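# Structure at a glance
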Amino acid sequence: MPVIIRDINWEETDTNLVLHIPMKGAKANKLDVLSSDQYLKISFSPFFYEVFLYDLVHDDKSRIVVQNGFVEATLTKQIPRKWNQLTHVQSDDKEAMKSLREQALNQIAQKQKERNEANASLLNDNKREAVRQQMKIEEEERNRIDSIKKNERDKISEEMKQFEENQKVQRKLAIQNHIKSEELQPQKKSEKPEQKKTIFEENSAPESKVTAPLRDTGRIAVNFTSRIFPTPMRESQTESEEKWLREQKESRQAATDLQLDLSENDKDIDYLKSKANQFFQQGNFQSAIGVYNHAVRVFPKMATLYLNRSACHFQVRNMIKCVEDCSRALELLNPPVLDNLPQRIKAHVRRGTAFCELELYAEGLLDYEAALKLSPDDENIQKDAQRIRNFLEKNQDFS
């Protein structure tokens, strides 16, 4: 039963009001405070202190300090003047105090709601800004890679052009040398020294010598068919090569069209996550997987998408895909920092559960132990890890 504290001390100035409330041996971490412009309640089980103030104070400027076994509440008056009394003039009227208490609680609830909405709005703004920054970094990375590729293509094209020009020069020189060599052959024949005839050749009758006519000289133009593949045309499978090139072109075109044809909603990560969560809550896990597949193509480096998709795969009993998504999420949650600690714990636990469903209990235990290192005080993880250890020990003894 709650016990009301009555032995308090208070003092005032024209601007401030200070209350000293004994804690009765209670710990500071169990302190609970409710305050408004004209109401103050301080609770530490089983004791509590409640007061309806004489006049209005600035709740936002009030300060609560715990020191030396006392709670010191410093309240700032809205109107600087002496009160000469602490409690409200109608403190003996239960109905009036009940009405004041309800007003104070409503005011506290309204302030808490506004504070939560402000925090939620700030969190959403931070998430959107983080996504925008990530998209900007990825865009800069893509532009850098495209620039490198373009420079390499230009370099290769220049080298090929230079190579073709060198080949043309070499062919022209070869043809010219061949023509010169053929022109010099008759002169060499005419300059050949006359051989002495033998006795038999001198006595023999002269015979008419018939020679074949010389061929006309000329140039042969050789044209090479430009090919993407290094093999000659006679050794190539033209149909298969053209099919492969066509598929590559269609794939690149599809990737380009995906970025150009996306609507604003298809590029909004918050919309995609909301849509997938809606399907998940409805039990439509395959549709949720489809939404996450699209989101992963647009934002391939967001660990949350892989982690959420792993939950969908787990629901449809596709444990291998669940393990793959959890592993990919852990790769992206690097470096390990305090902000991504809950996600890393969830990824280890979910992957460990999926391993156990696949009857890979040793691998599952490793993930649960990794989760315990991140959250050693989590009783549920401790119980599940111990259950897996007992199962492995039992089966090892049995075998």
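Residues numbered from 1 in each chain as written. Predicted model: local features only at pLDDT ≥ 70, side-chain atom pairs only at ≥ 80, totals over all residues. Heavy atoms only, no water.

The name an unreviewed UniProt entry assigns to the protein chain is CS domain-containing protein, from the organism Adineta ricciae.

The next point concerns the environment of L330. The topology assignment puts L330 in helix α7 (residues 319-332). Overall, the relative accessible area of 18% leaves L330 in the buried class. Along the backbone, L330 and R344 are 14 residues apart, and their C-alpha atoms lie at a distance of 6.4 Å. The residues touching L330, leaving out its near neighbours within four places in the chain, are R344, A347, H348 and R351. (Helix = DSSP H or I, 4+ residues; strand = E, 2+ residues; numbered from the N terminus. Buried < 20%, exposed > 50% of the residue type's maximum accessible area, 1.4 Å probe, protein only. Contact = heavy atoms within 4.5 Å.)

For the coordinates displayed, the defined rule picks out 19 salt bridges. Here E324 and K321 are joined by a salt bridge, their closest N and O atoms 3.9 Å apart. Within this pair, E324 and its partner K321 are both found in helix α7, separated by three residues, close to a single helical turn. In this structure, the salt-bridge partner of R387 is D384, at a minimum N-O distance of 2.8 Å. Of this pair, R387 and D384 are both found in helix α10 (residues 379-398), three residues apart, which corresponds to roughly one turn of the helix. Among the residues examined, R387 registers a relative accessible area of 51% and is labelled exposed. (Salt bridge = Lys/Arg side-chain N within 4 Å of Asp/Glu carboxyl O.)

The four strands lie next to each other as β2-β3-β8-β7, forming an open sheet whose pairing is antiparallel. Strand pairing shows two members of the sheet lacking a second neighbour, β2 (9-12) and β7 (57-67), which therefore form its edges. Across this sheet, the average inter-strand angle for adjacent strands is 15°, counted without regard to direction. (Pairing = 2+ DSSP bridges. Axes fitted to C-alpha atoms, helices over the stretch in contact; angles between N-to-C directions.)

Let us now look at the sheet that holds strand β1 (residues 3-4). As summarised here, the arrangement of the four strands in space is β1-β6-β5-β4, forming an open sheet in which the pairing is mixed. A single partner strand is all that each edge strand has here, and the edge strands are β1 and β4 (32-35).

Time to look at the packing of aromatic side chains. Inspection of the entire model under this criterion finds four aromatic pairs. Both rings, one in Y39 and one in F52, keep their centres 5.2 Å apart while their planes meet at 45°; by these two values the pair is tilted. Here Y39, found in strand β5 (residues 39-44), pairs with F52, found in strand β6 (residues 47-52); they are 13 residues apart in sequence, far enough to count as distant. Comparing Y39 with F52, the two get one shared label, buried. Note on Y54 and W83: the rings are 6.0 Å apart at their centroids and 50° apart in plane angle, and the pair reads as tilted. Linking Y54 in the loop between β6 and β7 with W83 in the loop between β8 (70-77) and α1 (94-190), this pair joins segments that are 29 residues apart in sequence. On the basis of relative accessibility, which here comes to 24%, the residue Y54 falls in the partly exposed class. The aromatic ring of F314 is capped on one face by R317, whose charged end is 5.9 Å from the ring centroid. If you follow R328 out to its NZ or CZ, it ends over the ring of Y306, 5.8 Å from the centre. (Phe/Tyr/Trp six-rings, centres within 6.5 Å; stacked < 30°, edge-to-face > 60°. Lys NZ or Arg CZ within 6 Å of the ring centre and 35° of its normal.)

We now examine the packing of helix α5 (residues 285-298) against helix α6 (residues 303-315). Packed helix pairs are characterised by how far apart their axes lie and by the angle those axes make with each other. Remark: α5 packs on α6, axes separated minimally by 9 Å, with the N-to-C direction vectors making an angle of 155°. With respect to α6, the axis of α5 lies roughly antiparallel. As α5 runs across α6, the sense of the crossing is left-handed. Mapping the contact onto sequence places F285, A288, I289, Y292, N293, A295 and V296 in α5 and L305, Y306, N308, R309, C312, H313 and Q315 in α6. For the contact of α5 with α6, the residue count by class is nine nonpolar, four polar and one charged. (Parallel < 35°, antiparallel > 145°, perpendicular 65-115°, else oblique. Left-handed = near helix turned anticlockwise from the far one by under 90°. Nonpolar A, V, L, I, M, F, W, Y, C, P; charged D, E, K, R; others polar.)

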